[in-house]
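# Survey of secondary and tertiary structure
The chain contents come next:
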Amino acid sequence: MIPSAFEYHRPADVKSAVGILHEQGDEARVLAGGHSLIPMMKLRMAAVTHLVDLQDIAELKAINIDGGKISIGAMVTQHSLIADAALAKAAPILREAALQIADPQVRYCGTIGGNVANGDPANDMPGIMQCLDATFTLAGPDGTREVKARDFYEAAYVTACEDDEILVLISFDPTSGGYAYEKQKRKIGDYATAACAVLVSMDGGTCTAASIAMTNLSDTPIWSEAASASLVGTKCSTDDIKNAVANALADIDPTEDNRGPVAFKMHVASIVITRAITRAIAAA
């Protein structure tokens, strides 16, 4: 349980951090909260020659709500997401999801950027970001670029972020209407067997907008365009909800693991998705 030797870097700004990554290539890794990387290093499942700790970069720890845009620095902790009253008002689904991540001890250190950037399909925030239609800002040697959350995940642990880039900012619009994040897990602190994030807007009893995304039911988070679109224009009746759930289930591809066989995961997914949609509609 002892990692192999590595050189520790603690830059004070993004430019310096990117410079180290660019210089060291694939031998360098970024450290945010450390809950994924450190255990892998201790088990020697990840060989890291240069560890770049982002803790001293103050610009990555801000939450800004400016009119029609919310911006969250990559080093904002899950605890900070929960504690920020203005953020909870502007995008309450984010607080609801953060409260379901691990336990308080983990949330004090775990960051939104780390949760989003490493491409683990079991992490909660990637699906939330797809539901919110968030945009990720990546900083690299040639400056910054933006990638939509719905385009960021390519496979398990494979993302659009290059080796010499750092995810520095997450931005999205404030939400309105109803919301829900439903998560089924084996025990407190565990990853989801299945989870679903839903946003719904209603006007006069008719759905005007919907967004449905799922966690740990494929090798990437899944935003279901078909399920989302199927609710729009309906009265969100029991049959309308069943139709949306069927569309969502058609978009996932779970695999058998220690959380259960595929048939069980599909069953759990149908229940979780139904609960999330129903609760979001009720809140709207």
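Scroll up to find the structure this text is about.
Residues numbered from 1 in each chain as written. Predicted model: local features only at pLDDT ≥ 70, side-chain atom pairs only at ≥ 80, totals over all residues. Heavy atoms only, no water.

## A closer look at the nonpolar core
In terms of nonpolar packing, the biggest core is built from 40 residues, with Met125 and Met129 touching the most fellow members. Sequence-distant contacts of methionine 125, that is, excluding residues within four places in its chain, are made with Gln78, Leu81, Leu94, Ala97, Ala98, Ile101, Ile112, Asn115 and Val116. (Core = buried A, V, L, I, M, F, W, Y, C linked by side-chain atoms within 4.5 Å. Buried < 20%, exposed > 50% of the residue type's maximum accessible area, 1.4 Å probe, protein only. Contact = heavy atoms within 4.5 Å.)

## Regarding the side chain of glutamine 130
Within the fold, glutamine 130 resides in helix α8 (residues 124-131). Those residues in contact with glutamine 130 that lie beyond four places of it in its chain are Ala149, Arg150, Tyr153, Ser211, Ala213, Pro221, Ile222 and Trp223. (Helix = DSSP H or I, 4+ residues; strand = E, 2+ residues; numbered from the N terminus.)

## A few points about helix α1 (residues 14-24)
All of the buried residues in α1 are Val14, Ala17, Val18, Ile20 and Leu21. Relative to the axis of α1, the buried residues are bounded by an arc of 155° and lie together on one face. Relative to its buried face, α1 has exposed residues pointing more than 90 degrees away, namely Lys15, His22 and Glu23. Where α1 is buried, its residues touch β1 (7-9), β2 (28-31), β3 (50-53), β6 (135-140) and β10 (166-172). Once α1 ends, the next one or two residues include glycine 25, with phi positive near 65°. (Arc of directions from axis to C-beta.)

## Quick notes on the layout of surface pockets
A water-sized probe rolled over the atoms picks out the places where empty space is left. Counted as a void, the largest pocket has a volume near 1400 Å³. Broken down by secondary-structure element, the contributors of at least two residues to the lining of the largest pocket are β2, α2 (37-42), α7 (112-117), β9 (158-159) and β10. Classifying every residue of the lining of the largest pocket by side-chain character gives 24 nonpolar, 14 polar and eight charged. (1 Å grid on protein atoms, 1.4 Å probe; cavity = no way out; pocket = protein on both sides within 12 Å on 5 of 7 lines; lining within 4 Å. Points joined across faces, edges and corners; volume = space filled by probe spheres on them. Nonpolar A, V, L, I, M, F, W, Y, C, P; charged D, E, K, R; others polar.)

## Comments concerning the sheet that holds β2
Across the sheet, three strands lie side by side as β1-β3-β2; this open sheet has parallel pairing. A single partner strand is all that each edge strand has here, and the edge strands are β1 and β2. Between one strand axis and the next, the sheet turns through 25° on average, direction left out of account. Bridge count between β1 and β3: three bridges; the pairing is parallel. Following the sheet pairing, tyrosine 8 is matched in β3 by leucine 51. (Pairing = 2+ DSSP bridges. Axes fitted to C-alpha atoms, helices over the stretch in contact; angles between N-to-C directions.)

## Side note on the environment of serine 211
Inspection of the secondary structure puts serine 211 in strand β13 (residues 206-215). Look past the residues within four positions of serine 211 in its chain and what remains in contact with it is Gln130, Cys131, Arg150, Ala197, Val198, Leu199, Trp223 and Ser228. A distance of 3.0 Å separates a polar atom in the side chain of serine 211 from a polar atom in the side chain of tryptophan 223. (Polar contact = N/O pair within 3.5 Å; in protein donor to acceptor, adjacent residues only side chain to side chain.)

## Some details on unusual backbone geometry
Not every positive phi belongs to a glycine, and alanine 102 is a case in point at roughly 50°. Along the polypeptide, alanine 102 turns up in the loop between α5 (92-98) and α6 (104-107). Classification of alanine 102 by relative accessible area gives buried; the value is 17%. Notably, tyrosine 157 is not glycine yet its phi reads approximately 65°, a positive angle. Structurally, the position occupied by tyrosine 157 is in the loop between β8 (153-155) and β9. The class of tyrosine 157 is exposed, set by a relative accessible area of 54%.

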